[in-house]
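Fold and contact review
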Protein chains: 2
Amino acid sequence: MAESWSFLDTFEHNFRPLVVIEFAKGTKEETIDWFTKRIVDKKANGGAQLLVKPLVTENGNENIYLVGASHLRLLLGAETVGLVKECNDNSMRTFTYSSRKTFKDFADDNHNFLTMAEGQYIIKHELENLRAKDEKMIPGYPQAKLYPGKSIVRRLLTSGVLVQIFPLHDREELKKLRHSWYGRVKVGYQPLDEIRCYFGETVALYFGFLEYFTFALIPMAVIGIPYYVFAWEDYDKYVMFATFNLLWSTVILEVWKRICSVMTYRWGTLLMKRQFEEPRPGFHGVLGINPVTGREEPVYSSIKRQIRIYLVSLPFVCLCLYFSLYVMMIYFDLEQWALDYHEENESNFSSLMLFVPSIIYAVVIEIMNRIYRYAAEFLTSWENHRLESSYQNHLVLKVLVFNFLNCFASLFYIAFVLFDMKLLRQSLATLLITSQILNQFAESLLPYWLQKRHKKRMKKRMCSLKTDADLSLVEQINLEKEMGTYFGTFDDYLELFLQFGYVSLFSCVYPLAAVFAVLNNITEIYSDALKMCRVYKRPFAEPTANIGVWQVIFYAVHVLHVTRSNCFIPLLLKFGNSVMLFSPCFKLYRTIFFFLLFFQHLLLAIKFIMAFVIPDKPRDIQIKLAKLEFESLEALKQQVRATDMYNSEK
Amino acid sequence: MAESWSFLDTFEHNFRPLVVIEFAKGTKEETIDWFTKRIVDKKANGGAQLLVKPLVTENGNENIYLVGASHLRLLLGAETVGLVKECNDNSMRTFTYSSRKTFKDFADDNHNFLTMAEGQYIIKHELENLRAKDEKMIPGYPQAKLYPGKSIVRRLLTSGVLVQIFPLHDREELKKLRHSWYGRVKVGYQPLDEIRCYFGETVALYFGFLEYFTFALIPMAVIGIPYYVFAWEDYDKYVMFATFNLLWSTVILEVWKRICSVMTYRWGTLLMKRQFEEPRPGFHGVLGINPVTGREEPVYSSIKRQIRIYLVSLPFVCLCLYFSLYVMMIYFDLEQWALDYHEENESNFSSLMLFVPSIIYAVVIEIMNRIYRYAAEFLTSWENHRLESSYQNHLVLKVLVFNFLNCFASLFYIAFVLFDMKLLRQSLATLLITSQILNQFAESLLPYWLQKRHKKRMKKRMCSLKTDADLSLVEQINLEKEMGTYFGTFDDYLELFLQFGYVSLFSCVYPLAAVFAVLNNITEIYSDALKMCRVYKRPFAEPTANIGVWQVIFYAVHVLHVTRSNCFIPLLLKFGNSVMLFSPCFKLYRTIFFFLLFFQHLLLAIKFIMAFVIPDKPRDIQIKLAKLEFESLEALKQQVRATDMYNSEK
């Protein structure tokens, strides 16, 4: 063990390993040599000009390489990726090497000017931008074709030569972060800025949203409690509750945009320019000319893709939806059976039995959601989208439609066809609570337990019983490379989305929904934090300026909420079941119905006006952005003016 | 007369008058001298480097000046305003003087490379950008204060020294345009490209939208006719009609975006960069520092503005809305009175009398709309918005809310409170037809007649009876300066908006609404064309890439349409009045209601999916835009790479 340490010590003094590259076992010498040469080669020769060292353990070279970069190289890389940093005058500006002195905390010897996560992001960007020049294939692997401009790393990954590339954890920093995040029992905000420094903007923004959303649900939960406790079921109390819910969820979504822009302005990502999007790694096709770039690259006919989408994926999704509805009908049969059983032999056991169908159904829903998720991923990747963003959009659409129907169809059916308020409440509670428990277990606790067991075994094998902090680099890398990969925030947002659906669409029949959501979210913060710090490999930081498509999706649920106006449910359940079955009340019913229609329109109007009145960005951020825009326009004008004068004097 | 012509002949050969400046009678010599000197002065000295000549008529100098520019100056100006033109390789690019040879039809002696409207736009831009340097006030007018950076023209206009600035008509071109636009009786498209060349993009886009909208209404009209003729009132036929309407209006709005982007790409405005927005002319305040630009300019506290908006404008608007509802109730009293009268003495006269209240109400609505418009303009300008765009938004919001309520409240009331299908149809027809007739008369025919009378008197006074083409420049200017000013497309879009409201919200109870809308729009095209060519001064061209806020507003009506789902109306009217008043049908009613709710959600889903599936821009335009973006990113990268290499070799 000590040998490997001493080996690492002989590295150049400024070499700090940031990113780990793992080749497949038995990768040809020739390939590794060619690839590492390209990594260290000068930019002018088409290299990445980074530093690379093999990791040598007691078993000899294990095909693992460490990548780092000199301080200067990272600064130049920061300019290439367009990082935005804070200046001495507190404004945020795009970093350029020539203006480096104007940035806050910049000093030639301050190697912490860029965070480790930023360094790793830069290295990832540089590695992915290593492009083939004249090579027709990867040396040693004739079947792995290359063409000018193809990203070498992506080809290596898809052909299985590279097993993985992942950024290293920083044990010291992680310990500090863990401590301030969930180490001590305290009431307070999460250390979002530290999370951002360590995990990047996408992850930090998810935790920011989770925290914000939890706080935002508290008023709903607080107001819901008396409704539950005192069983307030008068019509006017319900309308008040529903109205509050509706307006409050408008406010929540509008205010989030402001909070998000404040955070991302501080982090610099609000100002980052969008980069040109390269094809996603899995994209394949025959070699052709890209009409946009004019370069050679694989081309896949858009019509073929459309055919795959509309003739295969769409029918498949419809079939799944039908299947989900079929399962729902089985659930209602079970429910009926349990009810009959309870009526025949009334006992404690039989009244417990009443809950069993709901619980089974909740578990089945979760399982179906998970299976469908794999199918959706497979189908979407088979659709062969050129861009990651288009892949993501199609995946999100597929998964959301199914999950939404799967989770909410039974509730809608109970509310609007069966008119059974008691059953609706009971199903809602069971579904909500069961799915929350299942989720937290499957997502964090189970992997954590597996991970812990694995670590223990590893340590035993290494015959050492040190604490985490004492782990050597080799041990650390061996541990980390076996950890699971964090596939992004998709599943976490999906869970929040379903929760938002339960709370906003049905909370007026079951006011405790918001309470359970708040409780769940509080534990969710801790379990997700645990998952990030303990269970998964460190993810590469992903700069982002907002929560993207999820903002739109939460907004869509909200619009559905408005149009379906949950004032209807209690009214109809109440009147539909009892008073209204004799005729003189019909006129009353009609009047109330139209009052509601009017009320709904009024709410809609208030909603629109609120969205209009609450600006998306706080005033000071607006001014700062306007200032930057003004400066760039002025610079452009100066340039034009100079040309003007030059030309007119000629 | 001949003298003035000969006087003009002595102008430099390349002087072509483009824009007319009219000073107030009795403006001091000193002021005019100072201003004209600034206009002709070199850019380097803060001038506009344009050409300017006084217009001398038989009555001597009438304080009218003509502004032109050399060809070179216009080309440089085109670069300054960022005009986008077609290149030799058919791509659209921002014009720069240095790359002028790559543009289609460019030749040093081709003075038609820029259209006359573009030349006028450039001159307007240059004049408005004449800014005060050290002047503290306008020479000769100590009360008209200036500060560094203040636009001189705007101050001259607000202090009344300048009466108006307007672009000259081009008699030849106008005659050609008139001929191809509405001169011959033909079925076909409008010459949108020629309209754009003559009047600019904003006007052309309005006519494009009007034409598109008319074509889009034809299917609705065609389908509506059999419903009217055969009086199909079965429920299922109505649902089909309403469903078709809903989906069709989704398609209309989505497809318009595509058509609009194709047009504005061809015109170059889709690619034009947004300019930094200066304060609007009417904006006033105490001198302070603008936080964005850091320059001295009038500053007006945002809180004061908020107070004016929420404590004065908002209550005033609410009061007007209340008043409008009050008038509506009077209308219903009148309606009742007419009905009673008809029942008492049944005759032809009395059945005609039934229509009188609706006609009176329609006229009153029109009058109220027009009065309110003035009040809204006054209030919005009193709110003292800094930017023209914010002024426009607040004005549009005020006017729309009132007009919408004013026009539709009575119809909603009839539909949802009175449940009187016959009255609804009758009111709808009367309102729609009366308002269309009134509008066309007040907007085009009356001004045209006034204008014609004025022209005759002018000609008599000048004792000459020449045709239009023979008019001398002096006569032309004297005629044009007295013409009305076209205040932009606001009123025209407003009219279309109300029409869209009638058609989409109520066409399922009165299927002929679409037919009347189509007929109205066909005459509207001709009367608006007449108005543009004959009644008003030529407006300055305004480059624009889309119909802006109106796209959002049409979309909002559409969303309202979806949520209110007009399938409801016929159902409720039918069942509400007859069959449903005895009790066994109540369950049926409930079932149908929930079927409808489900159906509405299905429609909503289809709508969202359609909006997702139909891209906003056609594929070829997307590719062209992506190509431009890619090129600019590549250029940036090249630049960064050069710095990189330079720095790393150091």
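Please read these numbers as outputs of a predicted model, since none were measured by experiment.

Some remarks on the overall build of chain A
Check the secondary structure of chain A and you find 21 helices and ten strands. Residues counted as buried form 55% of the 650 residues belonging to chain A. For chain A, the accessible area works out to roughly 29800 Å², and carbon and sulfur atoms hold 64% of it.

Quick word on the pattern of salt bridges
Scanning the model with the defined rule gives 52 salt bridges over all chains in all. Salt-bridge contacts for Glu 383 of chain A lead to Lys 398 of chain A; the nearest nitrogen and oxygen are separated by 2.8 Å. In this pair, Glu 383 of chain A is assigned in the loop between α12 (356-382) and α13 (388-418) and Lys 398 of chain A in helix α13, connecting sequence segments 15 residues apart. The exposure class assigned to Glu 383 of chain A is buried, which follows from its relative accessible area of 0%. Residue Lys 398 of chain A is classed as buried on the basis of its relative accessible area of 9%. A salt bridge links Asp 616 of chain B to Lys 257 of chain B; the nearest nitrogen and oxygen atoms lie 3.5 Å apart. Of this pair, Asp 616 of chain B sits in the loop between α20 (585-613) and α21 (619-649) while Lys 257 of chain B sits in helix α9 (residues 235-267); the two residues are 359 residues apart in sequence, bridging distant segments of the chain. For Asp 616 of chain B, a relative accessible area of 36% puts it in the partly exposed group. Among the ionic contacts, a cluster of salt bridges with common partners joins Lys 85, Glu 118, Arg 196 and Glu 201 of chain A.

Re helix α6 (residues 171-183) of chain B
Residue and element names in this part refer to chain B. When the terminal C-alpha atoms of α6 are compared, their 15 Å separation across 13 residues is substantially less than the 18 Å that a helix rising 1.5 Å per residue should span. Burial in α6 covers these residues: Leu 174, Leu 177, Arg 178, Ser 180, Trp 181 and Tyr 182. At its buried positions, α6 is contacted by α7 (192-199), α8 (201-229) and α17 (513-535).

Focus on unusual backbone geometry
Most peptide bonds take the trans configuration, and most residues that are not glycine carry a negative phi. Residue and element names in this part refer to chain A. With phi around 65°, Asp 105 is a residue other than glycine that occupies positive phi space. Accessibility expressed as a relative area gives 57% for Asp 105, which makes it exposed. If you check the backbone angles, Asn 384 has positive phi at about 60° while not being a glycine. Tracing the sequence through the fold places Asn 384 in the loop between α12 and α13. Classification of Asn 384 by relative accessible area gives buried; the value is 1%.

Quick notes on the pairing of strand β9 (residues 286-289) of chain B
All names here are of chain B. Relative to strand β10 (residues 296-299), β9 runs antiparallel, the two sharing four bridges. For Ile 289, the partnering residue across the bridge sits in β10 and is Glu 296. In sequence, β9 turns back onto β10 through a hairpin of six residues, with Gly 294 there showing a positive phi of about 75°.

Some words on the state of the cysteines
In the structure shown here, the tally under the stated rule is zero disulfides over all chains. Free cysteine: Cys 533 of chain A, not disulfide-bonded; nearest cysteine sulfur from Cys 197 of chain A at 14 Å.

Section: the packing of aromatic side chains
All names here are of chain B. Within this structure, the stated rule accounts for 68 aromatic pairs over all chains. Ring centres 5.6 Å apart and planes at 90° place the aromatic pair Phe 23 and Tyr 65 in the edge-to-face group. Highlighted residues: Phe 23 in strand β1 (residues 19-23) and Tyr 65 in strand β3 (residues 60-68), separated in sequence by 42 residues. On the accessibility criterion, Phe 23 (2% relative accessible area) is buried. Ring centres of Phe 209 and Phe 554 lie 5.2 Å apart, and the angle between their planes is 75°; on these two criteria the pair is classed as edge-to-face. Of this pair, Phe 209 sits in helix α8 while Phe 554 sits in helix α18 (residues 549-564), and the two are 345 residues apart along the sequence.

Regarding the confidence of the model for chain A
Residues and elements named next belong to chain A. Scored by pLDDT, chain A has a mean of 82; 86% of the residues are at 70 or more. A low-confidence stretch, residues 1-11 (pLDDT under 50), is modelled with 13 contacts involving residues beyond four sequence positions or located in other chains. A low-confidence stretch, residues 573-585 (pLDDT under 50), is modelled with 25 contacts involving residues beyond four sequence positions or located in other chains. Both confidence scores are given for the complex: pTM 0.80, ipTM 0.70.

Topic: the UniProt feature "transmembrane region" (unreviewed entry) in chain A
All names here are of chain A. UniProt records the feature "transmembrane region" (unreviewed entry) for residues 212-232, 238-256, 309-332, 352-372, 395-416, 496-519 and 592-614 in the present numbering. The span residues 212-232 carries 86% helix and 0% strand; its end-to-end C-alpha distance comes to 29 Å. Between the end C-alpha atoms of residues 496-519 there is a gap of 13 Å, over a span that is 75% helix and 0% strand.

Quick look at empty space enclosed by the protein
Summary: where empty space remains is shown by rolling a probe the size of a single water molecule over the atoms. Residue and element names in this part refer to chain A. Summed over all chains, the structure comprises 15 cavities of 30 Å³ or more. Looking at the largest cavity, its volume works out to about 210 Å³. Lining the largest cavity are 19 residues, with Tyr 147, Gly 149, Glu 278, Pro 279 and Glu 297 sitting closest to its centre. Counting residues per element, the lining of the largest cavity draws most heavily on strand β10 (residues 296-299), at three residues. The residue makeup of the lining of the largest cavity, split by class, is seven nonpolar, three polar and nine charged.

Quick word on the pairing of β1 of chain B
All names here are of chain B. In terms of burial, β1 is largely enclosed, as five of its five residues are buried. Taken together, the five bridges between β1 and strand β8 (residues 162-167) define a ladder with antiparallel strand orientation. What sits directly across from Phe 23, in β8, is Leu 162.

As for the packing of α8 of chain B against α17 of chain B
Residues and elements named next belong to chain B. The N-to-C vectors of α8 and α17 enclose an angle of 160°; their axes lie 7 Å apart at closest approach. Compared by their axis directions, α8 and α17 come out roughly antiparallel. As for how α8 packs across α17, the hand of that crossing is left-handed. In this structure, α8 contributes Val 203, Tyr 206, Phe 207, Leu 210, Glu 211, Phe 213, Thr 214, Leu 217, Ile 218, Met 220, Ala 221 and Ile 225 to the contact, and α17 contributes Ala 514, Val 515, Ala 517, Val 518, Asn 521, Ile 522, Glu 524, Ile 525, Asp 528, Ala 529 and Met 532. Here the contact of α8 with α17 is built from residues that sort into 18 nonpolar, two polar and three charged.

Calculation criteria
Residues numbered from 1 in each chain as written. Chains lettered and ligands numbered in written order. Predicted model: local features only at pLDDT ≥ 70, side-chain atom pairs only at ≥ 80, totals over all residues. Heavy atoms only, no water. Helix = DSSP H or I, 4+ residues; strand = E, 2+ residues; numbered from the N terminus. Buried < 20%, exposed > 50% of the residue type's maximum accessible area, 1.4 Å probe, protein only. Areas by Shrake-Rupley, 256 points an atom, 1.4 Å probe, with all protein chains shown as cover. Salt bridge = Lys/Arg side-chain N within 4 Å of Asp/Glu carboxyl O. Expected span 1.5 Å × (residues − 1). Contact = heavy atoms within 4.5 Å. Pairing = 2+ DSSP bridges. Disulfide = S-S within 2.5 Å. Phe/Tyr/Trp six-rings, centres within 6.5 Å; stacked < 30°, edge-to-face > 60°. pLDDT = per-residue confidence, 0-100. UniProt positions renumbered as here; feature names shortened; annotations may be inferred. 1 Å grid on protein atoms, 1.4 Å probe; cavity = no way out; pocket = protein on both sides within 12 Å on 5 of 7 lines; lining within 4 Å. Points joined across faces, edges and corners; volume = space filled by probe spheres on them. Nonpolar A, V, L, I, M, F, W, Y, C, P; charged D, E, K, R; others polar. Axes fitted to C-alpha atoms, helices over the stretch in contact; angles between N-to-C directions. Parallel < 35°, antiparallel > 145°, perpendicular 65-115°, else oblique. Left-handed = near helix turned anticlockwise from the far one by under 90°.

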